[in-house]
Amino acid sequence: MTITGAVSRASLAEAKERLEAVIPSADLARLGGDLFAVLHLIDREHGVRRAVSDPSRDGAEKAQLVQILLEGKVSPAALGLVADVARLRWSTPSEMSDALEILAVTAEAARAEAGGRIDDLEDELFRFSRVVEGEPELRGALANPGLPGERKLGLVNALVEGKVTDATLALLTELVLRPRGRSLESGLADYGKLVAQRRQRLVALVRSPAPLSAAQRTRLAAVLAAAYGHEVHLNIEIDPTAIGGLSVQIGDEIIDGTIAGRLDDVRRRLGTG
């Protein structure tokens, strides 16, 4: 889901602004699903995707084509947003597809946020990723292209039905049925980052030898927020091998405060490990 090229970055930023303008008056129960439906269409119909993303075509002409294709098939909010996206300039057709996926995930995050459940959405995506990583048979089944979609959804529903937000179920369904060339773990990580960005937060993976109390979590989040200048969401992973202290990873940066980490550092310095 990486967007490259100056033109595409500018277009993506503008598309996000258009989404934010739509959200207050949109039916959020539909918006994300409608945007995913449009993504499915242009991923499936390459001719349509080229036509609505061609940088050499007039933006108004592309928007009109979107109106013809989608009118009456998606909500007015989604239709207007996709028409606006088509008016923008994209370096390649696939970058417009990626932008639509980003908008769809962000719309689902906005739905969770409107219901006061965005923290739940982040946590549920993280927990599901850990379940998948820890269950090779489940991971293999969900990634198996020969397994019917209904069977895959049955597995997902058996695990999460009635236990997660509607937005979480929508995003898990999307990733399982249409991974778009990614592994399930990679897709979950992508979506988790986008959900975090909805609140302009960083995501910290915290490994601890024992569960943290609510006070400890609050204190750690405050310290990290002060250090990074952004609100930080904590994903806690219990790691008995950490012996003592914490290991915190934000993006590619690792802040290792565990005893095991310090011992490894000593071994490296002594040339014994």
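Residues numbered from 1 in each chain as written. Predicted model: local features only at pLDDT ≥ 70, side-chain atom pairs only at ≥ 80, totals over all residues. Heavy atoms only, no water.

A. The arrangement of the overall build of the protein in detail. A tally of helices and strands in the protein yields 13 helices and four strands. Summarising its shape, the C-alpha atoms of the protein cover approximately 65 × 40 × 40 Å along the three principal directions. With an accessible surface of roughly 13800 Å², the protein has 53% of that area assigned to carbon and sulfur atoms. When the 34 positive and 39 negative side-chain charges of the protein are each reduced to one mean point, those points stand 2 Å apart. (Helix = DSSP H or I, 4+ residues; strand = E, 2+ residues; numbered from the N terminus. Areas by Shrake-Rupley, 256 points an atom, 1.4 Å probe, with all protein chains shown as cover. Lys, Arg positive; Asp, Glu negative; His and termini not counted. Charge placed at Lys NZ, Arg CZ, Asp CG, Glu CD.)

B. Quick peek at the pairing of strand E2 (residues 231-238). One ladder, built from eight bridges, connects strand E1 (residues 201-208) with E2; its direction is parallel. Of the residues in E2, the one forming a bridge with Leu202 is Val232. (Pairing = 2+ DSSP bridges.)

C. Main features of unusual backbone geometry. Its identity is not glycine, yet Arg180 carries a phi of approximately 55°, on the positive side. Its place among the elements puts Arg180 in the loop between helix H10 (166-177) and helix H11 (184-198).

D. Spatial organisation of the pattern of salt bridges. Tallying each qualifying case throughout the model produces 21 salt bridges. With a shortest N-O distance of 2.5 Å, Arg18 and Glu14 are connected by a salt bridge. Of the two residues, Arg18 and Glu14 both sit in helix H1 (residues 6-22), four residues apart, roughly one turn of that helix. By relative accessible area, which is 27% here, Arg18 ends up partly exposed. A salt bridge links Asp34 to Arg30, with the shortest nitrogen-to-oxygen separation between them at 3.4 Å. Of the two residues, Asp34 and Arg30 are both situated in helix H2 (residues 28-44); the distance of four residues between them amounts to about one turn of the helix. We classify Arg30 as partly exposed; its relative accessible area is 38%. (Salt bridge = Lys/Arg side-chain N within 4 Å of Asp/Glu carboxyl O. Buried < 20%, exposed > 50% of the residue type's maximum accessible area, 1.4 Å probe, protein only.)

E. A look at the packing of helix H7 (residues 118-134) against helix H8 (residues 136-143). For the pair H7 and H8, interaxial distance at closest approach is 5 Å and the crossing angle is 105°. Looking at the two axes, H7 sits roughly perpendicular to H8. On H8, the residues touching Phe128, Val131, Val132, Glu133 and Gly134 of H7 are Pro136, Leu138, Arg139 and Leu142. Here the residues of the contact of H7 with H8 are counted per class, giving six nonpolar, one polar and two charged. (Axes fitted to C-alpha atoms, helices over the stretch in contact; angles between N-to-C directions. Parallel < 35°, antiparallel > 145°, perpendicular 65-115°, else oblique. Contact = heavy atoms within 4.5 Å. Nonpolar A, V, L, I, M, F, W, Y, C, P; charged D, E, K, R; others polar.)

F. Just the packing of helix H6 (residues 93-114) against H10, in detail. Across the interface, H6 lies against H10 with an axial gap of 8 Å and an inter-helix angle of 160°. Put simply, H6 runs roughly antiparallel to H10. Handedness of the H6/H10 crossing: left-handed. On H10, the residues touching Val105, Glu108, Arg111 and Ala112 of H6 are Asp166, Ala167, Ala170 and Leu171. (Left-handed = near helix turned anticlockwise from the far one by under 90°.)

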